[in-house]
Amino acid sequence: MKIEGQAALVTGGASGLGEATARELARLGAKVAVLDLNTTLAEKVAAEIGAEFGDGRAVACSCDITNTDSVNAALDKAAAAHGPARILMNVAGIGSAKRIVAKDGNPAPLEDFVRVVNVNLVGAYNISRLYAAQCAKLDPLEGGERGVMLFTASVAAFDGQVGQQAYSASKSGLVGMTLPMARDLAQHGIRVCTIAPGLFATPLLKELPEAIQQSLAASIPFPPRLGKPSEFAELACHIVANGHLNGEVIRLDGALRMAPR
Ligand SMILES: NC(=O)c1ccc[n+]([C@@H]2O[C@H](COP(=O)([O-])OP(=O)(O)OC[C@H]3O[C@@H](n4cnc5c(N)ncnc54)[C@H](O)[C@@H]3O)[C@@H](O)[C@H]2O)c1
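Residues numbered from 1 in each chain as written. Predicted model: local features only at pLDDT ≥ 70, side-chain atom pairs only at ≥ 80, totals over all residues. Heavy atoms only, no water.

J.: Teacher, can you tell me more about the layout of surface pockets here?
T.: It is the rolling of a water-molecule-sized probe over the atoms that shows where space remains empty. For the largest pocket, the calculated volume is near 1,400 Å³. If you trace the largest pocket, you find 49 residues lining it, with Gly93, Ile94, Gly95, Tyr167 and Leu204 closest to the centre. Put simply, the parts of the chain that give the lining of the largest pocket at least two residues each are helix H1 (16-27), strand S2 (31-36), helix H4 (110-135), helix H5 (165-186) and helix H6 (203-206). Here the lining of the largest pocket is composed, by residue class, of 25 nonpolar, 18 polar and six charged. (1 Å grid on protein atoms, 1.4 Å probe; cavity = no way out; pocket = protein on both sides within 12 Å on 5 of 7 lines; lining within 4 Å. Points joined across faces, edges and corners; volume = space filled by probe spheres on them. Helix = DSSP H or I, 4+ residues; strand = E, 2+ residues; numbered from the N terminus. Nonpolar A, V, L, I, M, F, W, Y, C, P; charged D, E, K, R; others polar.)

In structure tokens, the structure reads:
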């Protein structure tokens, strides 16, 4: 799909990988809706995109992907600003680290597992189903294509570390959902792909002490550095542009395989 002129939605667009994706989409000529729980940051990113690429090129939409009313309100606001979207980048997510049996012998709190799976997996599914139903009603573009959807998993979907049960379960849920969703939506001309990032230099990792960042970077075979959010954004936009990519999960990790801890 040609990105120029399309309306695009980016969840988690206020920070990190989502922010980079929103900026790259705008650079390639898309009209971007920045959907995020953090409204203040979303407004800041949208204003910066507007200042760089022209007024009206980005709109901030306050959105909790786990809440259907909130998602519908965000989809309505984005559509009112830019028209119906053909691109949905699901980037919003949260992390967590909890051993199933804590050092004091107590079981991990169930609420933590439920919270992470609810945001990362159920929330991504929630907005995707609402978006897909709208997208399926649009006129097809050349070749019958109507839309493209991306999910953001993690290498933790495959090699989760100690304490990552909830995070890994949520991310491997996205991996497992990719093919059946692509098969479901094939009849509507909507493609679905997932990126599984390794270690990227986003606010989360940049807050770690420099020595830890360096040791994480050194664990990556090549290049031995953290991924740049712009590299994630480039792949996300390539997936939109490449009409034959569908139902696939792509690791973007410099050949990193995470150690147990
Ligand atoms: N940074 C990495 O190294 C890395 C590696 C693998 C996977 N990932 C995944 O990439 C995605 C982005 O990570 P990041 O490092 O850019 O994180 P980040 O914390 O910088 O950005 C995540 C954004 O998601 C938003 N968000 C959280 N819950 C939300 C909700 N319920 N509704 C709407 N928005 C919500 C946050 O407000 C935030 O702006 C996440 O899904 C993360 O799991 C990141």
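J.: Help me understand empty space enclosed by the protein in this model?
T.: Scanning the model with the defined rule gives two cavities of 30 Å³ or more in all. In this structure, the largest cavity encloses a volume near 90 Å³. Lining the largest cavity we find Leu9, Leu75, Ala78, Ala79, Gly83, Pro84, Ala85, Tyr131, Gln134, Cys135 and Leu138. Elements supplying a minimum of two residues to the lining of the largest cavity: helix H3 (68-82) and H4. For the lining of the largest cavity, the per-class residue count stands at nine nonpolar, two polar and no charged. The computed volume of the second largest cavity comes to approximately 60 Å³.

J.: I would appreciate a short explanation of the site of the ligand in the present structure.
T.: In the vicinity of the ligand lie 27 residues, with Ser15, Asp36, Tyr167, Phe200 and Thr202 positioned nearest. Contact distances for the ligand include 2.6 Å between an oxygen atom and a side-chain N or O atom of Asp36. Here an oxygen atom of the ligand and a backbone polar atom of Phe200 are 2.8 Å apart. Look at the ligand: alone it shows 820 Å² of surface, and the protein chains cover 89% of it. Among the cavities detected, the one that contains the ligand is the largest pocket. Of the residues belonging to the shell around the ligand, the class tally is 15 nonpolar, nine polar and three charged. (Near = heavy atom within 4 Å. Polar contact = N/O pair within 3.5 Å; in protein donor to acceptor, adjacent residues only side chain to side chain. Areas by Shrake-Rupley, 256 points an atom, 1.4 Å probe, with all protein chains shown as cover. Sits in = over half its atoms within 2 Å of the grid points.)

J.: Please clarify how the pairing of strand S1 (residues 7-11) should be interpreted in this entry.
T.: Both faces of the sheet carry side chains from a regular strand, because those side chains alternate between them. The buried fraction of S1 amounts to five of the five residues, a majority that puts the element mostly inside the structure. Every second residue of S1 is oriented toward a common face, with Ala7, Leu9 and Thr11 on one face and Ala8 and Val10 on the other, all of them buried. Relative to S2, S1 runs parallel, the two being bridged by five bridges. Bridge assignment links Leu9 to a residue of S2, and that residue is Ala33. What joins S1 to S2 is H1, and the crossover it makes is right-handed. Direction of pairing for S1 relative to strand S4 (residues 87-90): parallel, over a ladder of four bridges. Paired with Thr11 across the two strands is Asn90, which belongs to S4. (Buried < 20%, exposed > 50% of the residue type's maximum accessible area, 1.4 Å probe, protein only. Pairing = 2+ DSSP bridges. Right-handed = clockwise from strand over helix to strand, strands pointing away.)

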